[in-house]
Amino acid sequence: MTNYKPNNFDNETKIRCACCGKILNERPGMANVKMVYHFREDGTKEYVSVTPVCKGICDERMQVSHDMYDGWFDLEDLYSPLIYMDKVLSIMSGMQRGTARFTYDAMQAMKDLLYATAPYVFRDATDKEKAEYNRLFR
Ligand SMILES: [Zn+2]
C-alpha cells in the first residue's frame, strides 16, 4: 500500500465517506467515488452527484433511484498526477462538447474532491508561489 503524504498547500480539506463519515484522505485505496447521472431530454448526460464512499458496505448502501445510473472510479486513481489531469481535462472536454453536464451540487462536489486531492498530486509550492497565490486569490 502506498503511503500518501500530502504536500503543504495549506489545504487540509478532508474527504469523508458520505455513508459513515470516515476520513479517506490517507486511505484512498479503500474508497470509491460514485458518480450518479441521468440523461436529459436532449440526450446529454447530467451528473447529479459525486460522492466518495468506502468500498464495500458503505458503497453498497448508496442506492441509486430507478431513473438514475451510476459509475464510479477508485479514489486512489485520482492520486496519480496523470489520471488527475486526465479527469480534469475530460470534464472540461465534456462540457465544451456539450455532452456532459453537472448539476450545481455535483460540480461543487467534484471541485471539492479535486481540491482535496491536489496536495497528494502536486509538488510543494515554493514560498514565492504561495505568497503570489495568496496575493492573487485570497
Ligand atoms: Zn464509509
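Below or above, wherever it landed, is the structure these notes cover.

This part covers the overall build of the chain. Each helix and strand in the chain was counted, giving four helices and four strands. Helices and strands in the chain line up, N terminus first, as β-β-α-β-α-β-α-α. Along the longest, intermediate and shortest principal axes, the C-alpha atoms of the chain span 50 × 35 × 25 Å. Put simply, the chain has 138 residues, and 20% of those count as buried.

Turning our attention to the sheet that holds strand E2 (residues 45-54). Read across the sheet, four strands follow the order E3-E1-E2-E4 without closing on themselves; strand pairing throughout is mixed. Strands with a single pairing partner mark the edges of an open sheet, and in this sheet they are strand E3 (69-74) and strand E4 (100-102). Strand-to-strand, the axes of this sheet are offset by a mean angle of 35 degrees, without reference to chain direction. Helix H3 (residues 104-121) contacts strand E1 (31-39), E2 and E4 of the sheet and is inclined by roughly 45 degrees relative to E2.

Counting 18 residues, the largest nonpolar core has Cys-17, Ala-31 and Met-35 as its most contacted members. Looking at this core, the elements with two or more residues in it are E1, E2 and H3. With five residues, E1 is the largest single contributor of residues to this core. Look past the residues within four positions of Cys-17 in its chain and what remains in contact with it is Lys-22, Leu-24, Ala-31, Pro-52, Val-53, Cys-54 and Cys-58.

Position of Arg-27 among the secondary structure elements: in the segment before E1. Placed 14 residues apart in sequence, Arg-27 and Thr-13 show a C-alpha to C-alpha distance of 14 Å.

A pair of packed helices can be characterised by two numbers: the angle between their axes and the separation between those axes. Remark: helix H2 (residues 81-97) packs on H3, axes separated minimally by 11 Å, with the N-to-C direction vectors making an angle of 155 degrees. Here H2 is positioned roughly antiparallel relative to H3, judged by the angle of their axes. The way H2 lies across H3 gives a crossing that is left-handed. Of H3, the residues touching H2 (which contributes Pro-81, Tyr-84, Val-88 and Ile-91) are Met-110, Leu-114, Thr-117 and Val-121.

Moving on to the pairing of E2. Bridge analysis of E1 against E2 gives nine bridges, and the strand direction is antiparallel. Following the sheet pairing, His-38 is matched in E2 by Glu-46. Connecting E1 to the antiparallel partner E2 that follows it, the hairpin turn spans five residues, and Gly-43 within it adopts a positive phi of roughly 90 degrees. Judged from the three bridges that link them, E2 and E4 form a sheet pairing that is parallel. Bridge pairing in E4 links Tyr-47 to Phe-102.

The rules behind the values
Residues numbered from 1 in each chain as written. Predicted model: local features only at pLDDT ≥ 70, side-chain atom pairs only at ≥ 80, totals over all residues. Helix = DSSP H or I, 4+ residues; strand = E, 2+ residues; numbered from the N terminus. Buried ≥ 20, exposed ≤ 12 C-beta atoms within 10 Å, placed from the backbone. Pairing = 2+ DSSP bridges. Axes fitted to C-alpha atoms, helices over the stretch in contact; angles between N-to-C directions. Contact = placed C-beta atoms within 7 Å. Core = buried A, V, L, I, M, F, W, Y, C linked by C-beta atoms within 7 Å. Parallel < 35°, antiparallel > 145°, perpendicular 65-115°, else oblique. Left-handed = near helix turned anticlockwise from the far one by under 90°.

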